[in-house]
Amino acid sequence: MILPVRHVTALCLLAAALTSCAAPEPPRAARPAPAAPSVRPSAVPTLAPGPAGLTPLFHHGSRTAGKVLALTFDADMTADQGPRAAGGERFDNPGLIAALRELKVPATVFMTGRWAEEYPAQARGIGRDPLFEVANHSYSHHAFTGDCYGLPTVSEDRMRADVERAYAAFRQVGVANAMPYFRFPGGCHDRRALRALTPAGVTAVQWDVVSGDAFATDADAVARQVLDGVRPGSVVVLHCTRSAAPVTERAVRSIVPELRRQGFRFVKVSELIGAAGHRG
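Overview of the structure.

**A closer look at the overall build of the protein chain**
A tally of regular secondary structure across the protein chain gives 10 helices and 11 strands. When burial is assessed residue by residue, the protein chain has 56% of its 280 residues classed as buried. Considering only contacts within the protein chain whose residues lie at least 6 apart along the sequence, 78% involve residues at least 24 apart. Summed over its atoms, the accessible surface of the protein chain is roughly 10,900 Å², and 54% of this surface lies on carbon and sulfur atoms.

**Concerning the packing of helix H8 (residues 219–229) against helix H9 (residues 248–261)**
For any two helices packed against each other, one specifies the crossing angle of their axes together with the interaxial distance. The contact between H8 and H9 brings their axes to 8 Å, and the two run at 35°. For the crossing formed where H8 meets H9, the hand is right-handed. Of H9, the residues touching H8 (which contributes Ala219, Val222, Ala223, Val226 and Leu227) are Arg250, Ala251, Ser254, Ile255, Glu258 and Leu259. A breakdown of the residues in the contact of H8 with H9 according to their chemical character gives 8 nonpolar, 1 polar and 2 charged.

**Digging into the packing of aromatic side chains**
A complete count under the given rule lists 5 aromatic pairs for this structure. For the ring pair Trp115 and Tyr119, a centre distance of 5.2 Å and an interplane angle of 55° mean the geometry is tilted. For the residue pair Trp115 and Tyr119, the accessibility class agrees, reading buried in each case. Ring-pair connections join several aromatic residues into one group, and the members of that group are Phe144, Phe182 and Phe184. Taking the ring centre of Tyr139 as reference, the NZ or CZ of Arg165 above it sits at 3.8 Å. The lysine or arginine in question, Arg183, covers the ring of Phe110, its NZ or CZ lying 4.1 Å from the ring centre.

**A closer look at the environment of Gly66**
One can find Gly66 in the loop between strand S3 (57–58) and strand S4 (68–75). Taking the relative accessible area as the measure of exposure, Gly66 reaches 34% and is therefore partly exposed. Those residues in contact with Gly66, other than ones at most four positions away along the chain, are Pro232 and Gly233.

**As for the state of the cysteines**
The tally for this structure, following the rule as stated, stands at 1 disulfide. The disulfide partner of Cys148 is Cys188, and the gap between their sulfur atoms is 2.1 Å. The sign of the S-S torsion, about 85°, decides the handedness of the disulfide formed by Cys148 and Cys188: right-handed. Taken as a pair, Cys148 in the loop between strand S6 (132–136) and helix H6 (159–173) and Cys188 in the loop between strand S7 (181–182) and helix H7 (191–197) lie far apart in primary sequence, 40 residues in all. Side by side, Cys148 and Cys188 carry an identical accessibility label, which is buried.

**Examining the nonpolar core**
Across soluble globular proteins, you tend to see nonpolar side chains buried next to one another. Counting 64 residues, the largest nonpolar core has Met111 and Trp115 as the members making the most contacts within it. For this core, the element with the highest residue contribution is H6, accounting for 7 residues. The residues contacting Met111, other than those within four sequence positions of it, are Ala75, Ala116, Ala123, Ile126, Val134, Ala135, Asn136, His137, Ser138 and Phe170. Phe110, Val237, Val269 and Leu272 belong to the second-largest nonpolar core, a separate cluster that totals 18 residues.

**Here's the deal with H9**
Between its first and last C-alpha atoms H9 spans 20 Å; for 14 residues at 1.5 Å apiece the expected length is 20 Å, and the two agree. Along H9, the residues classified as buried are Thr248, Ala251, Val252, Ile255, Val256 and Leu259. Take H9 and look down its axis: the buried residues cluster within an arc of 125°, on one side only. Those residues of H9 hidden inside the fold are in contact with S4, helix H3 (94–103), H8, strand S10 (235–239) and strand S11 (265–266). Gly263 sits one or two positions beyond H9 and adopts a positive phi of about 95°.

**Observations concerning the pattern of salt bridges**
Any two side chains of opposite charge can pair if their charged atoms end up close together. Counted according to the given criterion, the structure contains 14 salt bridges. Of the charged contacts in the structure, one is a salt bridge between Arg183 and Asp74, with a shortest N-O distance of 2.9 Å. With a gap of 109 residues between them, Arg183 in the loop between S7 and H7 and Asp74 in strand S4 connect regions that are remote in the sequence.

**Section: the side chain of Thr145**
By the element assignment, Thr145 lies in the loop between S6 and H6. With residues up to four places along the chain from it excluded, the contact list for Thr145 reads Thr153, Cys188, His189, Asp190 and Arg192.

Rules of the game
- Residues numbered from 1 in each chain as written.
- Predicted model: local features only at pLDDT ≥ 70, side-chain atom pairs only at ≥ 80, totals over all residues.
- Heavy atoms only, no water.
- Helix = DSSP H or I, 4+ residues; strand = E, 2+ residues; numbered from the N terminus.
- Buried < 20%, exposed > 50% of the residue type's maximum accessible area, 1.4 Å probe, protein only.
- Contact = heavy atoms within 4.5 Å.
- Areas by Shrake-Rupley, 256 points an atom, 1.4 Å probe, with all protein chains shown as cover.
- Axes fitted to C-alpha atoms, helices over the stretch in contact; angles between N-to-C directions.
- Left-handed = near helix turned anticlockwise from the far one by under 90°.
- Nonpolar A, V, L, I, M, F, W, Y, C, P; charged D, E, K, R; others polar.
- Phe/Tyr/Trp six-rings, centres within 6.5 Å; stacked < 30°, edge-to-face > 60°.
- Lys NZ or Arg CZ within 6 Å of the ring centre and 35° of its normal.
- Disulfide = S-S within 2.5 Å.
- Core = buried A, V, L, I, M, F, W, Y, C linked by side-chain atoms within 4.5 Å.
- Expected span 1.5 Å × (residues − 1).
- Arc of directions from axis to C-beta.
- Salt bridge = Lys/Arg side-chain N within 4 Å of Asp/Glu carboxyl O.

In structure tokens, the structure reads:
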């Protein structure tokens, strides 16, 4: 789920963009997470199912509960990009993770299973660091709808399996506590996809602020886009993919001190969702 800095609406149609331009929906009341084998067993905040029991969607937290926001980072790698990684393309961004640690910024990393397999030590380090939480971005980074920025499409009967395969990949590399949160590749979803994932017990997490860091070359422009869009409760989407988002670390080093100067506090997605109701 990738979006260039300029002309966000128009460029949302590009295959490389891999992100959604859907309007955000308000959060629903929190509930304890169901005990599903594909997610972490301990109780963490999730949302109640949507209409007709569909997978719930979360776009942002409360606008009135204080100046808090969540930075989220998509660690994108599609199932067929192994040859590109073998050829030297870097889908990771260890400098960004180091910057978040240096700045002491909690964050939620939406990781594909294929990324975790390619960078197992990094995935394990992120998963074991209390500053971060790992969430699911599918195994394959294939789309859950048709016509999603040129991405290959997962068939309806394989959607849940693709999500569960990502959790299995996380466990295989030593990430035992991945959160029951899922972000659709490209942000693309429909009623069919929400229905298919209901048995997985996940909360689908979108965003209300697009950073525009993907394919950007101007870190200041990325920072301005985030700073102009942030509101209390915001979920900001950025990327942990060095080849596709090379200026993200520099942008974060500008964004974090400025938002702290404005009185914002950084939290993980789980805290935003938990603030919508009680924990289980």
